[in-house]
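Residue-level structural notes
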Amino acid sequence: MSANKVVMKIVSISFSILVLVLLVVVLYRGGRIAYSFGYRVFTETAIDQPERGKDKVVQVSSDMGARELGELLEKKGLIRSASLFVVQLKLSDYSNKIKAGTYTLSTSMTAKEMMQVMSADNEEDTETEEPDGS
């Protein structure tokens, strides 16, 4: 083999190793980010401790989607990430159950607690059992 071919072979192998190392680094970092995000979906804590919570009034309209609601809650300082809230809402039992209205939410509430409040029926259950005529 000529010296030129040997140099080209070394450069080719070096380039392949470099690409492989970069691919491993990208996959590792991407995996860490994905794991962290996935972990937060199910374990995200409230912004404040219960004794330090601040109440915020939130107006939810009927045409508001999950993204808009998440951005509103993030802007009000009730959640850390609108994107995280969207995923939490889509994976929860409260998906498509958020009702329009004005809500008082606290920074000491978790996203799930906020979803419960915004999807709860405002009317109290007024049914009473009728006594049997027998």
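Right above here is the structure, for reference.
Now for a description of the structure that goes with this document. Numbering of residues starts from 1 in every chain and runs along the sequence as written. Only residues with pLDDT of 70 or above have their local features reported here, since the model is predicted, and side-chain atom pairs are shown and tallied only from 80 upward, although totals for entire chains, interfaces and linings are computed over all residues. To obtain the side-chain values, all non-hydrogen atoms of the structure were used and water was disregarded.

With that settled, consider the overall build of the chain. Check the secondary structure of the chain and you find four helices and two strands. Traced from its N-terminal end to its C-terminal end, the chain shows the element sequence α-β-α-α-β-α. Residue exposure (1.4 Å probe, protein chains only): buried if accessible area is under 20% of the type maximum, exposed if over 50%, otherwise partly exposed. The proportion of buried residues among the 134 residues of the chain is 22%. By definition, residues are in contact when any of their heavy atoms lie within 4.5 Å. The contacts in the chain between residues at least 6 apart in sequence include a share of 61% that link residues at least 24 apart. Accessible area for the chain stands at about 10,200 Å²; split by element, carbon and sulfur atoms hold 56% of it. Put simply, DSSP marks the helices as runs of H or I at least four residues long and the strands as runs of E at least two long, and each gets a number from the N terminus on. Surface accessibility follows the Shrake-Rupley procedure with a 1.4 Å probe radius. Residue values consider only the protein chains on display as shielding.

Time to look at the packing of helix α2 (residues 66-75) against helix α3 (residues 82-91). How two helices sit against one another is set out by the angle between their axes and by the gap between those axes. Two elements in contact, α2 and α3, have axes separated by 8 Å at closest approach and are oriented at 130°. By the angle class used here, α2 and α3 are oblique. Note on packing geometry: the crossing formed by α2 with α3 is right-handed. Counting all contacts with α2, which are made through Ala66, Arg67, Leu69, Gly70, Glu71, Leu73 and Glu74, the residues of α3 involved are Ala82, Ser83, Phe85, Val86, Leu89 and Lys90. Split into classes, the residues belonging to the contact of α2 with α3 amount to seven nonpolar, two polar and four charged. Every angle, taken between N-to-C directions, lies between 0 and 180 degrees, and every axis is a line fitted to C-alpha atoms, over only the stretch in contact when it is a helix. Each angle gets one of four labels, with under 35 degrees taken as roughly parallel, over 145 as roughly antiparallel, 65 to 115 as roughly perpendicular, and the rest as oblique. By the definition used in this description, the sense in which the near helix is turned from the far one sets the handedness, with an anticlockwise turn below a right angle giving left-handed and a clockwise turn giving right-handed. Residues are sorted three ways: Asp, Glu, Lys and Arg are charged, Ala, Val, Leu, Ile, Met, Phe, Trp, Tyr, Cys and Pro are nonpolar, and all the rest, Gly among them, are polar.

What follows deals with the environment of threonine 45. Secondary-structure assignment places threonine 45 in the loop between α1 (3-43) and β1 (55-60). For the pair formed by threonine 45 and isoleucine 79, sequence separation is 34 residues and the distance between their alpha carbons is 9.2 Å.

We call a set of buried Ala, Val, Leu, Ile, Met, Phe, Trp, Tyr and Cys residues a nonpolar core when their side-chain atoms join them within 4.5 Å. Membership of the largest hydrophobic core comes to 19 residues, with the highest contact counts inside it found for Val58, Leu73, Phe85, Leu105, Met114 and Met118. Valine 58 has contacts with Leu72, Leu73, Lys76, Leu78, Gly101, Thr102, Tyr103 and Leu105, leaving out every residue within four places of it along the chain.

Taken together, the buried positions of helix α4 (residues 111-119) are Ala111, Met114, Met115, Met118 and Ser119. Down the axis of α4, the sector holding all buried residues measures 120°, keeping them to one side. Directions are taken from the helix axis to each C-beta atom, and the arc is the one they span.

Our focus in this paragraph is the packing of α1 against α3. Close contact between α1 and α3 brings their axes to 9 Å; oriented N to C, the two are set at 60°. As far as their axial angle goes, α3 and α1 are oblique. Of the two elements, α1 crosses α3, and the hand of that crossing is right-handed. Contacts between α1 and α3 pair Phe37, Arg40, Val41 and Phe42 from the former with Ser83, Leu84, Val87, Gln88 and Leu91 from the latter. Grouping the amino acids of the contact of α1 with α3 by side-chain chemistry returns six nonpolar, two polar and one charged.

Another point: the side chain of threonine 107. Its place among the elements puts threonine 107 in the loop between β2 (101-106) and α4. We define a polar contact as two N or O atoms separated by no more than 3.5 Å, with the added condition that, inside protein, one atom must be a possible hydrogen donor and the other a possible acceptor, whereas residues neighbouring each other in sequence contribute only through side-chain atom pairs. Among the polar contacts made by the side chain of threonine 107, one reaches the side chain of aspartate 48 at a distance of 2.7 Å. Threonine 107 has contacts with Ala46, Ile47, Asp48, Arg52, Gly53, Lys54, Lys56, Gly77 and Leu78, leaving out every residue within four places of it along the chain.

All right, on to a nonpolar patch on the surface then. A cluster of nonpolar side chains, Ile13, Ile17, Val21 and Val25, forms an exposed patch at the surface whose accessible area comes to about 340 Å². Within the secondary structure layout, valine 21 lies in helix α1. On the accessibility criterion, valine 21 (46% relative accessible area) is partly exposed. Patches here are clusters of residues that have more than 30% relative accessible area and form no salt bridge, with a 9 Å joining cutoff for like charges and a 5 Å cutoff for nonpolar side chains (Val, Leu, Ile, Met, Phe, Trp, Tyr). We define a salt bridge as a contact between a side-chain nitrogen of Lys or Arg and a carboxyl oxygen of Asp or Glu at a distance within 4 Å.

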